[in-house]
Amino acid sequence: MADFALLKAEQQLLAAQVVREGLSPDFVPRFIAGGDTGFEENGTVARAAIVILHWPSLEMAEHRVARVPVTLPYVPGYLSFRECPALLAAWQQLTHRPELMFIDGHGVAHPRGLGLASHFGVTVDIPVIGVAKRRLCGDYQALSATPGDCQPLMYQQRQTGWVLRSKARCNPLFISAGHRVSDDMALYWTRQCLRGYRLPEPTRLADAVASQRKGFLRYLNRQ
């Protein structure tokens with residue numbers, strides 16, 4: 001049985017190590033990564049995919065998938081403890097090391113300031129941006145229907161990220177700093193990586209790899 005008091009203490013310790021600044025305006029990466037995690041076998045196995053993309057083409061340079069047995073039950077707010085081990089297993093397989101990573105999940109936009117993107121970012125100590133499809137906590141002003149519109153995401157009277165309408169007629173994204181990146185640069189780089197879809201390319205392609213979607217299969221056929 002998991003001791004959630006100990007996990008909460010670990011979260012607080014890791015959250016205190018999160019750096020919410022970084023990536024200067026002249027930052028130019030060679031490689032950008034995307035990470036996505038799902039579950040198989042009735043939630044007993046976590047499946048993580050990481051893609052490495054060339055910048056600025058965002059063409060795929062490498063992809064890895066890792067499957068790791070889950071040792072914790074699902075409890076809201078502690079999901080990163082279920083997903084991080086599989087992401088780390090995929091990370092350890094990589095031959096390229098990115099200068100920036102996007103993760104499908106929250107960064108500091110979390111009740112204790114440690115979503116999956118922050119948990120992973122602190123663990124491997126690289127700049128990470130969290131891009132989530134659903135809000136975990138916080139409030140924001142209504143967005144217009146115009147793509148590109150954004151509003152601050154506020155929690156307990158502090159900004160924890162941004163809410164971005166990335167595509168018309170789609171639900172917004174919840175963007176937050178994971179580690180070693182400022183709120184503004186997290187928003188900037190998310191916008192830089194949009195290519196006409198709701199999700200930025202790094203997490204969109206990581207999801208495609210993990211799910212064996214048609215776009216990824218077309219990529220394999222071109223190799």
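Just so we're clear, the structure is a prediction, and the values are computed from it rather than from any experiment.

Here is what the cut-offs are and how they apply
Numbering of residues starts from 1 in every chain and runs along the sequence as written. The predicted nature of this model means local features are confined to residues of pLDDT at least 70 and side-chain atom pairs, given and counted, to a pLDDT of 80 or more, with totals for whole chains, interfaces and linings taken over all residues. Excluded from the side-chain calculation are hydrogens and water; included are all heavy atoms of the structure. In DSSP terms, a helix is any run of H or I states spanning at least four residues, a strand is any run of E spanning at least two, and both are numbered starting from the N terminus. Exposure categories follow from relative accessible area, calculated using a 1.4 Å probe and restricted to protein chains: below 20% of the type maximum is buried, above 50% is exposed, and the middle band is partly exposed. Positive residues here are Lys and Arg, negative ones are Asp and Glu, while His and the chain termini are left out of the count. Salt bridge criterion: a side-chain nitrogen from Lys or Arg within 4 Å of a carboxyl oxygen from Asp or Glu. Contacts are assigned to residue pairs with any non-hydrogen atoms lying within 4.5 Å of each other. Throughout, nonpolar core names a set of buried Ala, Val, Leu, Ile, Met, Phe, Trp, Tyr and Cys residues whose side chains join them through atoms within 4.5 Å. Whether two strands pair comes down to DSSP finding at least two bridges between them. The angle between two axes is taken between their N-to-C directions and runs from 0 to 180 degrees, where each axis is a line fitted to C-alpha atoms and a helix contributes only its stretch in contact.

Focus: the side chain of Arg165
For step 1, the next point in the chain: Structurally, the position occupied by Arg165 is in the loop between strand 7 (158-164) and strand 8 (173-179).
For step 2, the next point in the chain: For the buried residue Arg165, which engages in no salt bridge, the nearest side chain bearing the opposite charge is Asp149, 6.4 Å off.
For step 3, the next point in the chain: Not counting residues up to four positions away in its chain, the partners in contact with Arg165 are Leu143, Ser144, Ala145, Thr146, Pro147, Gly148, Asp149, Cys170, Asn171 and Pro172.

Digging into the nonpolar core
For step 1, the next point in the chain: Residues Leu100, Phe102, Ile129, Ile175 and Trp189 are the most contacted members of the largest nonpolar core, which totals 31 residues.
For step 2, the next point in the chain: For Leu100, the residues in contact, after removing those within four places along its chain, are Leu23, Phe27, Phe31, Ile32, Ala33, Pro127, Ile129 and Trp189.
For step 3, the next point in the chain: Core analysis: the next-biggest nonpolar cluster, separate from the first, contains 23 residues, Ala48, Cys84, Phe120 and Ile126 among them.

Quick notes on the sheet that holds strand 2 (residues 45-54)
For step 1, the next point in the chain: Ordered in space as 3-2-1-4-5-8-7-6, the 8 strands form an open sheet in which the pairing is mixed. Sheet topology places strand 3 (60-69) and strand 6 (150-155) at the edges, where each strand pairs with a single neighbour. Within this sheet the neighbouring strands show an average axis-to-axis angle of 25 degrees, counted without direction.
For step 2, the next point in the chain: In this sheet, strand 7 lies alongside strand 6 in antiparallel orientation, the contact comprising 6 bridges. The residue bridging Met154 from the neighbouring strand is Gln159, located in strand 7.

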